[in-house]
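This is what each chain is made of:
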Amino acid sequence: NLEVGIVGLPNVGKSTLFNAITKAGAEAANYPFCTIEPNVGVVDVPDDRLWKLTEMYNPKRTVPAAMRFVDIAGLVKGAAQGEGLGNKFLSHIRQVDAVAQVVRCFTDDNITHVAGNLDPLRDIEIINTELCLADLETVEKRTERVQKLIKSGDKKAQAELEILQQVQQALSDGQPARRIVKDDETAAVLKELFLLTLKPTLFVANVSEAEAADASANPHVAKVREYAAHEGAEVIIVSAKVEAEIAELPAEEAREFLADLGLEESGLDKLIRASFTLLGLMTFFTAGEPEVRAWTIACGTKAPQAAGKIHSDIERGFIRAEIVSYDDLMATGAYSAAREKGLVRLEGKDYIMQDGDVTYFRFNV
Ligand code: GDP
């Protein structure tokens, strides 16, 4: 189960955003087997296609895909030295698959800023420095090991040492490891080290209520965008306060509230979808009268492994997959019509699933 960790300095709006996440939480009945800890929020992945399929099939129930957010509070300057229980928080970050870093871009004189004044780039740098320092320690430990291996005559170790030295240099310059992965060899070495700065990252700019719909005049947001662009990272604009209010409302009122603010969708939905993409995930559907359901798989997953998400028996006995793309299904109006037009394909065990595939697996019991 893939997770996104929410990090940020104190008082930037993490808890407010995380509360919105838990309030908007996924239907617990859909996930009877996952225990939910207090700092974990499970949300539905918004996907219009699922509701269009529901209109088409009129099933007994509809189950969206879900994903998990973890609230990782307490990251402060000095964390890498163990200050403020810092190491514990760093180890929480190690366990997540991607990072959403909340940065404060709202002004509010009543709410103290931990570092004195509003300056999101400095905040990003404070966190980046802590993560780089922690990674440096990891890289240095590994370097010592590898040097011993070289002494004992391990020829392969030399190549690794060179990579480690490059990474060490980059981290010392405050460059996150994710920025320096250029080739497969480096990627392989770094993957083994579980570096914090290797995690895919996006930035959440928390703006004031008035800027929720349009933050283009906010100079802090512009700076965050510029920073993020350097590493091709995404910036999601939210107003955590607005999100917290929306999460309290019934769906219909929430839609009206968003419309009043001039928003097409909530910041939270934007964040969820961006996180889903950041994790390298995609969706396929199963559709029938009992249930229309979205399933989550990693991009590049083959048909039998996708089937295994539903049940290990279906993977084991996999014969083939009957697949129609969501777009073809919608264009023809019904599964039977898509089949008549030859748009329902039979795919074998090497088929790589595509986002939006509507799938029926055939298998031996
Ligand atoms: P955390 O320490 O990062 O978890 O920050 P909190 O979520 O506790 O927020 C710190 C304070 O900022 C709280 O008083 C929030 O109500 C306030 N806050 C959070 N988001 C916003 C926002 O978008 N606008 C304003 N004006 N205040 C906010």
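Above this text you will find the structure in question.
Note that the structure is predicted; figures quoted are calculated from it, not measured.

Draft legend 1. Structural detail: the site of the ligand. Of all residues adjacent to the ligand, which total 17 residues, the nearest are Gly13, Lys14, Ser15, Thr16 and Ala240. Put simply, the parts of the chain that give the shell around the ligand at least two residues each are helix 1 (14-23) and helix 8 (240-248). Residue contributions to the shell around the ligand peak at three residues, all from helix 1. Split by residue class, the shell around the ligand holds six nonpolar, eight polar and three charged.

Draft legend 2. Inspection of the nonpolar core at higher detail. Core analysis: the largest hydrophobic core is formed by 64 residues, its most contacted members being Ile6, Val103 and Ala205. Two domains each put at least three residues into this core: domain 1 (3-46 + 65-115 + 200-278) and domain 2 (125-198). Those residues in contact with isoleucine 6, other than ones at most four positions away along the chain, are Lys14, Leu17, Phe18, Phe69, Val70, Asp71, Ile72, Ala100 and Val102. The next biggest cluster of nonpolar side chains, apart from the first, holds 25 residues, and it includes Ala294, Ala303, Tyr326 and Ala338.

Draft legend 3. How the structure looks around the packing of helix 1 against helix 8. Here helix 1 crosses helix 8 at 20°, and the two axes come no closer than 8 Å. If you check the angle between helix 1 and helix 8, you find them roughly parallel. Between helix 1 and helix 8 lies a crossing of left-handed hand. For the pair helix 1 and helix 8, contact is made by Thr16, Leu17, Asn19, Ala20 and Lys23 and by Ala240, Lys241, Glu243, Ala244, Ala247 and Glu248, respectively.

Cut-offs used in this document
- Residues numbered from 1 in each chain as written.
- Predicted model: local features only at pLDDT ≥ 70, side-chain atom pairs only at ≥ 80, totals over all residues.
- Near = placed C-beta within 6 Å.
- Helix = DSSP H or I, 4+ residues; strand = E, 2+ residues; numbered from the N terminus.
- Nonpolar A, V, L, I, M, F, W, Y, C, P; charged D, E, K, R; others polar.
- Core = buried A, V, L, I, M, F, W, Y, C linked by C-beta atoms within 7 Å.
- Buried ≥ 20, exposed ≤ 12 C-beta atoms within 10 Å, placed from the backbone.
- Domains from an automatic or database assignment.
- Contact = placed C-beta atoms within 7 Å.
- Axes fitted to C-alpha atoms, helices over the stretch in contact; angles between N-to-C directions.
- Parallel < 35°, antiparallel > 145°, perpendicular 65-115°, else oblique.
- Left-handed = near helix turned anticlockwise from the far one by under 90°.

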